[in-house]
Amino acid sequence: LADVPEWNFDGSSTAQAEGSNSDMFLVPVRMFRDPFCLDPNKLVLCEVLKYNRKPAETNLRHTCKKVMDLAKDSHPWFGMEQEYTLLGINGHPYGWPDNGFPGPQGPYYCGVGADKVYGRDIVESHYKACLYAGVKICGTNAEVMPSQWEFQVGPCEGIEMGDHLWMARFILHRVCEDFGVVATLDPKPMTGNWNGAGCHTNYSTEEMRREGGLKHIEAAIEKLSKRHDYHICVYDPRGGRDNSRRLTGHHETSNIFEFSAGVANRGASIRIPRQVGQDGYGYFEDRRPAANCDPYAVTEAIMRTTVLNETGVETKDYADN
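Rules and cut-offs
- Residues numbered from 1 in each chain as written.
- Predicted model: local features only at pLDDT ≥ 70, side-chain atom pairs only at ≥ 80, totals over all residues.
- Heavy atoms only, no water.
- Helix = DSSP H or I, 4+ residues; strand = E, 2+ residues; numbered from the N terminus.
- Expected span 1.5 Å × (residues − 1).
- Buried < 20%, exposed > 50% of the residue type's maximum accessible area, 1.4 Å probe, protein only.
- Pairing = 2+ DSSP bridges.
- Axes fitted to C-alpha atoms, helices over the stretch in contact; angles between N-to-C directions.
- Salt bridge = Lys/Arg side-chain N within 4 Å of Asp/Glu carboxyl O.
- Domains from an automatic or database assignment.
- Contact = heavy atoms within 4.5 Å.
- Buried area = accessible area lost by both parts, 1.4 Å probe.
- Polar contact = N/O pair within 3.5 Å; in protein donor to acceptor, adjacent residues only side chain to side chain.

(A) Summary view of helix 9 (residues 295–306). The end-to-end C-alpha distance of helix 9, which contains 12 residues, comes to 16 Å, matching closely the 16 Å that a straight helix rising 1.5 Å per residue would cover. With 12 of 12 residues buried, helix 9 is to be regarded as a mostly interior element. For helix 9, the full list of buried residues reads Pro295, Tyr296, Ala297, Val298, Thr299, Glu300, Ala301, Ile302, Met303, Arg304, Thr305 and Thr306.

(B) Structural detail: the sheet that holds strand 1 (residues 7–10). Pairing is antiparallel in the open sheet, where three strands are placed in the order 1-2-3. Since the sheet does not close on itself, it has two edges, and those belong to strand 1 and strand 3 (42–49), each with one partner. For this sheet, the mean inter-axis angle between neighbouring strands, taken without regard to orientation, is 45°. Here strand 1 runs beside strand 2 (residues 23–33); their pairing, made up of four bridges, is antiparallel. Its bridge partner lying in strand 2, Asn8 is registered against Phe25.

(C) Up close: unusual backbone geometry. The peptide bond linking Asp39 to Pro40 adopts the cis configuration, its omega dihedral lying at 5°. With respect to the secondary-structure elements, Pro40 resides in the loop between strand 2 and strand 3. Along the chain, Gly154 connects to Pro155 via a cis peptide bond; the corresponding omega equals -5°. Among the structural elements, Pro155 can be located in strand 6 (residues 148–157). In this model, Arg53 sits at a positive phi of 70°, which is unusual for a non-glycine residue. By the element assignment, Arg53 lies in the loop between strand 3 and helix 1 (61–70). Phi is positive for Glu252, which is not a glycine, with a value near 60°. Inspection of the secondary structure puts Glu252 in the loop between helix 7 (241–244) and strand 9 (261–263).

(D) Summary view of the pattern of salt bridges. Scanning the entire structure with this criterion turns up 21 salt bridges. Note that Lys65 and Asp69 form a salt bridge whose closest N and O atoms lie 3.0 Å from each other. Placement of both Lys65 and Asp69 in helix 1 is noted, with a separation of four residues, approximately one turn of the helix. Relative accessible area serves as the criterion here: at 30%, Lys65 is assigned to the partly exposed category. Given a relative accessible area of 38%, Asp69 falls into the partly exposed group. The salt bridge partner of Glu300 is Arg304, with a shortest N-O separation of 2.8 Å. With Glu300 and Arg304 both in helix 9 and four residues apart, this pair spans about one turn of that helix. By the burial criterion, Glu300 is buried, and Arg304 matches it. Residues joined by salt bridges that share partners form a network here, namely Arg30, Glu47, Arg61 and Asp163.

(E) Highlighting the domain arrangement of the protein. For the protein, the assigned domains read domain 1 (7–58) and domain 2 (67–307). The gap between the C-alpha centroids of domain 1 and domain 2 is 26 Å. Counting from both sides, the interface comprises 10 residues of domain 1 and, opposite them, 15 residues of domain 2. Each partner contributes to the roughly 1100 Å² buried at the junction of domain 1 and domain 2, and carbon and sulfur atoms together form 69% of this total. When the buried area of domain 1 at its contact with domain 2 is split by residue, Arg30, Phe32 and Phe36 rank highest and sum to 49% of it. The interface formed by domain 1 and domain 2 holds one salt bridge in total. The residue Asp163 makes a salt bridge to Arg30 at a minimum N-O spacing of 2.7 Å. For the pair domain 1 and domain 2, the interface holds four residue pairs in polar contact (both at pLDDT 80 or more). Looking at the side of domain 1 that touches domain 2, the elements that each hand over two or more residues are strand 2 and strand 3. Top element by residues in the side of domain 1 that touches domain 2 is strand 2. It accounts for three residues.

The structure is reproduced here in structure tokens:
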């Protein structure tokens with residue numbers, strides 16, 4: 001990575017700078033193999049800095065990295081489940097009837113067959129591209145709403161989670177471009193009796209993964225319960241407004257206004273997997289993040305609350321080391 005030079009781009013064209021002072025720095029932070037141009041070409045993930053070398057307002061990686069460095073001794077592992085919906089260029093869900101709707105939800109989840117799933121060739125092309133790139137993708141499945149899919153990235157430690165999920169998203173949009181379809185991360189792409197789209201975040205620290213770790217899982221959940229409003233505000237890019245369309249208490253979601261937790265409960269804010277409950281150690285799943293969340297913001301918030309023991313709606317500003 002050290003061999004990759006810094007570069008710049010026109011921030012005025014992306015609403016990140018004024019035209020009279022528009023150059024923004026691109027600082028390489030992680031490198032992947034390029035599945036489109038193939039070896040020896042690379043895809044390079046960058047942080048964006050302003051003219052004064054301070055992070056751009058859209059650069060949420062900077063503070064996330066700072067928090068992860070402070071909490072590195074806890075060895076936080078994350079696995080994020082990215083749900084998304086395939087749309088035609090006209091904005092209508094891919095494979096749905098042009099002037100109507102498919103049958104009710106039920107037969108589509110993890111389905112097989114041309115009348116059950118739409119776009120598997122797209123999904124598998126994305127999966128293979130991520131594997132080639134070195135993204136830590138670890139699974140994929142058809143979701144509850146037809147033309148909705150999910151892929152999972154992880155386990156990743158610390159800042160690596162956000163890096164790998166953002167690259168997986170880039171590759172998804174790039175693959176969909178080749179197929180002439182659009183992947184939307186909207187948390188509720190279709191109103192009515194259809195599932196929304198989330199980005200369920202699985203998390204553990206080293207002590208949670210050891211024998212007897214359930215008590216540490218429960219302690220972390222207790223901390224999260226006292227900071228529900230703060231987490232809702234950072235779990236989608238519009239301060240909770242996007243998630244308010246999704247977290248209704250229906251369609252396998254919790255209510256946005258209430259914190260809840262339970263073993264094997266997919267209608268709760270936090271789910272402890274049944275196996276974890278039986279084993280007494282492992283991880284838990286935060287089901288609140290929206291599909292369009294910034295993974296840096298989500299993982300940073302979880303670390304601030306469960307490891308750095310922050311409380312309330314304000315965050316602490318840690319000095320650069």
